[in-house]
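Understanding the architecture of this molecule
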Amino acid sequence: MRKAAIITGGNAGLGFHCAERAIVDGFDVTLACRNIDKAEAAKSRLLDRFPKSRVSVVLLDLSDLESARSFVGRFEGNWDLLINNAGAKIEKPFKQTSQGHEWHIGVNHLGHFALTGSLLSKANENATIVTVSSIVARRGTLEFELEAFDERQAYANSKLMNLVFSQELARRLSGTGQKSVAAHPGFARASYYGNRMIRAAEYCFAHSAVTGSESIWQAANTSNGKYLAPRFLELWGSPSEARSVRTDLGTVLDFWNESERLTGVSFAI
């Protein structure tokens, strides 16, 4: 039986290169994206390179929890690999998701939390969930609301939430045969964003999106609970085990319960 992979934001950057790797490893790939035209273009590029592969496109807008739920209904069959890759970059001014959540936290964490919880019923017995975090997670807190909006802090919070979500999910999946792992790409050239200074710094100092995707893909092939990042200062190079962030279990459980309350999604594990 062929394996199935779902990759959020698989139309460009890190997600696209993960899709290439999945195809090489024999997966049928679903690109879960909010821009269908770009996703179809990415599908065409993949089929040009891998004519015998099976690639599908399904609409997923992580800024709308209803879209995350309806994605599950449109996804046919079961899955073996879910890569929670898509996400909001550092953006200002302040804006909200369809359900009124702060944009970075709503898209990066709550959208993926709802998607993963809703998809678990269709997961195969040895399924793997990879959640993409960031080195800036170390500067984050598990606060869902900021007293004064700071786009960099909101982004850092959302990336810490990605990591803590992955780790707590790993704890809950322990002994089930399924696994949850995390990774971050280091300083990688991703899809275009930011001002000229940011783009110039990426051009001069960042490694490629291909290299950045290696941590994500290798994480999918490690054991439950692992967290991978580039080897050198967690910014550049080949994948290695990353330094995690310690959070006490009580705080994690409060965070998990609040995530369930805000999304309306409970995990059946």
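This write-up is about the structure you can find in this document. Along each chain, the written sequence defines residue order, and numbers are assigned to residues from 1. Totals for whole chains, interfaces and linings use every residue, but because this is a predicted model, local features are given only for residues with pLDDT of at least 70 and side-chain atom pairs only at 80 or more, for both listing and counting. The basis for every side-chain value is the complete set of heavy atoms in the structure, and neither hydrogens nor water enter the calculation.

1. Structural notes on the overall build of the protein
Condition: Put simply, DSSP marks the helices as runs of H or I at least four residues long and the strands as runs of E at least two long, and each gets a number from the N terminus on. Only protein chains enter the calculation, and the probe is 1.4 Å; a residue is then buried if its accessible area is under 20% of its type maximum, exposed if over 50%, and partly exposed in between. By definition in these notes, contact holds between two residues if any of their heavy atoms fall within 4.5 Å. All accessible areas in this document rest on Shrake-Rupley with a 1.4 Å probe, and a residue is counted as covered only by the protein chains that are shown.
Along the protein, the regular secondary structure elements total 8 helices and 8 strands. Per-residue burial for the protein yields a buried fraction of 53% across its 269 residues. In the protein, 69% of the contacts between residues at least 6 apart in sequence involve partners at least 24 apart. Of the roughly 12500 Å² of accessible surface on the protein, a fraction of 49% belongs to carbon and sulfur atoms.

2. So, helix α4 (residues 103-119)
Note that an α-helix has 3.6 residues per turn; residues three or four places apart therefore point the same way. Our working rule: An expected span of 1.5 Å times one less than the residue number is assigned to each helix. Working definition for bend: take the seven residues up to and ending at a residue and the seven starting at it, fit an axis to each, and measure the angle between the axes.
Taking 1.5 Å per residue, 17 residues should reach 24 Å; α4 reaches 22 Å between its end C-alpha atoms and fits that length. Roughly 30 degrees is the biggest bend found in α4, and it falls at leucine 110. Counting buried positions over the 17 residues of α4 gives 17, a clear majority of the element.

3. Digging into the packing of aromatic side chains
What counts is decided by this rule: Stacked, tilted and edge-to-face pairs are distinguished by plane angle, under 30 degrees for stacked and over 60 for edge-to-face with tilted covering the rest, among Phe, Tyr and Trp rings (Trp via its six-membered ring) whose centres lie within 6.5 Å. For a lysine, the NZ atom is tested; for an arginine, the CZ atom; a charge sits over a ring if that atom is within 6 Å of the ring centre and within 35 degrees of the ring normal.
Across all of its chains, the model carries 10 aromatic pairs by this definition. Cluster of aromatic residues (ring-pair linked, three or more members): Phe113, Phe165, Trp256 and Phe267. Above the face of the phenylalanine 16 ring, arginine 45 is positioned so that its terminal group lies 4.5 Å from the ring centre. The ring of tryptophan 103 carries lysine 95 above its face, with NZ or CZ at 4.1 Å from the centroid.

4. Observations regarding the nonpolar core
As a rule of thumb, soluble globular proteins bury nonpolar side chains together. To keep it simple, the criterion reads: Only buried residues count toward a nonpolar core, which is a set of Ala, Val, Leu, Ile, Met, Phe, Trp, Tyr and Cys residues joined through side-chain atoms within 4.5 Å.
In terms of nonpolar packing, the biggest core is built from 42 residues, with Ile6, Phe71, Trp79 and Leu119 touching the most fellow members. Those elements that provide at least two residues to this core are β1 (3-8), α3 (65-74), β4 (79-84), α4, β5 (123-132), α5 (151-173) and α8 (249-263). It is α4 that provides the largest number of residues to this core, a total of 8 residues. Ignoring any residue separated from it by four or fewer positions in sequence, one finds leucine 119 in contact with Ile6, Phe71, Val72, Trp79 and Leu82. Core analysis: the second largest hydrophobic core is formed by 29 residues, Leu31, Ala39, Leu81 and Ile216 among them.

5. Observations concerning the packing of α4 against α5
Rules: Working convention: axes come from line fits to C-alpha atoms, limited for helices to the stretch in contact. Angles between N-to-C directions cover 0 to 180 degrees. Angles below 35 degrees are treated as roughly parallel, those above 145 as roughly antiparallel, those between 65 and 115 as roughly perpendicular, and all remaining angles as oblique. Crossing handedness follows the turn of the near helix against the far one: under a right angle anticlockwise gives a left-handed crossing, and clockwise gives a right-handed one.
The N-to-C vectors of α4 and α5 enclose an angle of 20 degrees; their axes lie 7 Å apart at closest approach. In terms of orientation, α4 and α5 fall into the roughly parallel class. The two elements α4 and α5 meet at a crossing, and its hand is right-handed. Judged by residue contacts, His104, Ile105, Asn108, His109, Phe113 and Thr116 of α4 engage Glu151, Ala154, Tyr155, Asn157, Ser158, Lys159, Met161, Asn162, Phe165 and Leu169 from α5.

6. A closer look at the side chain of histidine 101
Here histidine 101 shows up in the loop between β4 and α4. The contact partners of histidine 101, leaving out residues within four places of it in the chain, are Leu65, Lys95, Gln96, Gly106, Leu110 and Leu262.

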